[in-house]
Amino acid sequence: MQPIDQFGTATPTETSLVARVDVGMVVVDSAGDDAGRVSAVQQPGTDVRPDTAAGIAEMLMSAGYLRVDGTGALSNDTYASGDQIADVIDDEPGIVRLSVPRDELPRAAV
């Protein structure tokens, strides 16, 4: 059992998955399909607002997020929240595995 830290001074024992993501990493969805590449990373609590609908933008800012450059000629960029990252494989170029299908990711405004 962990001691209670009433003053918020304890250091986290586990690094968030968003903190392990770098621009250029490949993103795959929950089915293993290519979702694109990471073009931007923001840590939880960021003040950088993503260009997506109100409500969704605030949720992404709170959880941290990735902007994913979509694949294919007609694809749109999407956002994945820190909560939607299942795993990060530190390889070259690196892989971000999501816990959701690509079609559930919010789209960036055009």
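One can find the structure itself at the top, above this paragraph.
Residues numbered from 1 in each chain as written. Predicted model: local features only at pLDDT ≥ 70, side-chain atom pairs only at ≥ 80, totals over all residues. Heavy atoms only, no water.

J.: So what's going on with the overall build of the chain? Which residues, and what values?
T.: Each helix and strand counted, the chain has 1 helix and 6 strands in total. In the chain, the succession of helices and strands from N to C terminus is β-β-α-β-β-β-β. Every one of the 110 residues in the chain was classed for burial, and the buried ones make up 35%. Once local pairs closer than 6 in sequence are excluded, the contacts in the chain between residues at least 24 apart make up 49%. (Helix = DSSP H or I, 4+ residues; strand = E, 2+ residues; numbered from the N terminus. Buried < 20%, exposed > 50% of the residue type's maximum accessible area, 1.4 Å probe, protein only. Contact = heavy atoms within 4.5 Å.)

J.: Before we move on, could you go through the nonpolar core and cite the residues and values that matter?
T.: Residues Val-21, Val-27, Val-38, Leu-66, Ile-85, Val-96 and Leu-98 are the most contacted members of the largest nonpolar core, which totals 16 residues. Going through the elements one at a time, strand E2 (34-42), strand E3 (65-69), strand E5 (85-89) and strand E6 (95-98) are the ones with two or more residues in this core. It is E2 that provides the largest number of residues to this core, a total of 3 residues. For Val-27, the contacting residues outside a window of four places in its chain are Asp-33, Asp-34, Ala-35, Gly-36, Arg-37, Val-38, Val-68, Val-96 and Leu-98. (Core = buried A, V, L, I, M, F, W, Y, C linked by side-chain atoms within 4.5 Å.)

J.: Now, about helix H1 (residues 56-63): what can you tell me, with residues and values included?
T.: Ala-57, Leu-60, Met-61 and Ala-63 are the residues of H1 that are buried. Contact partners of the buried residues in H1: E3 and strand E4 (78-81). The first or second residue beyond H1 is Gly-64, which carries a positive phi of 80 degrees.

J.: Describe the environment of Asp-90, and please don't skip the residues or the numbers.
T.: Here Asp-90 lies in the loop between E5 and E6. Judged by relative accessible area, which is 54%, Asp-90 ranks as exposed. For the pair Asp-90 and Arg-20, spaced 70 residues apart in sequence, the C-alpha separation works out to 7.9 Å. Contacts of Asp-90, omitting those with residues within four sequence positions, involve Arg-20 and Met-25. There is a polar contact of 3.1 Å between the side chain of Asp-90 and the side chain of Arg-20. (Polar contact = N/O pair within 3.5 Å; in protein donor to acceptor, adjacent residues only side chain to side chain.)

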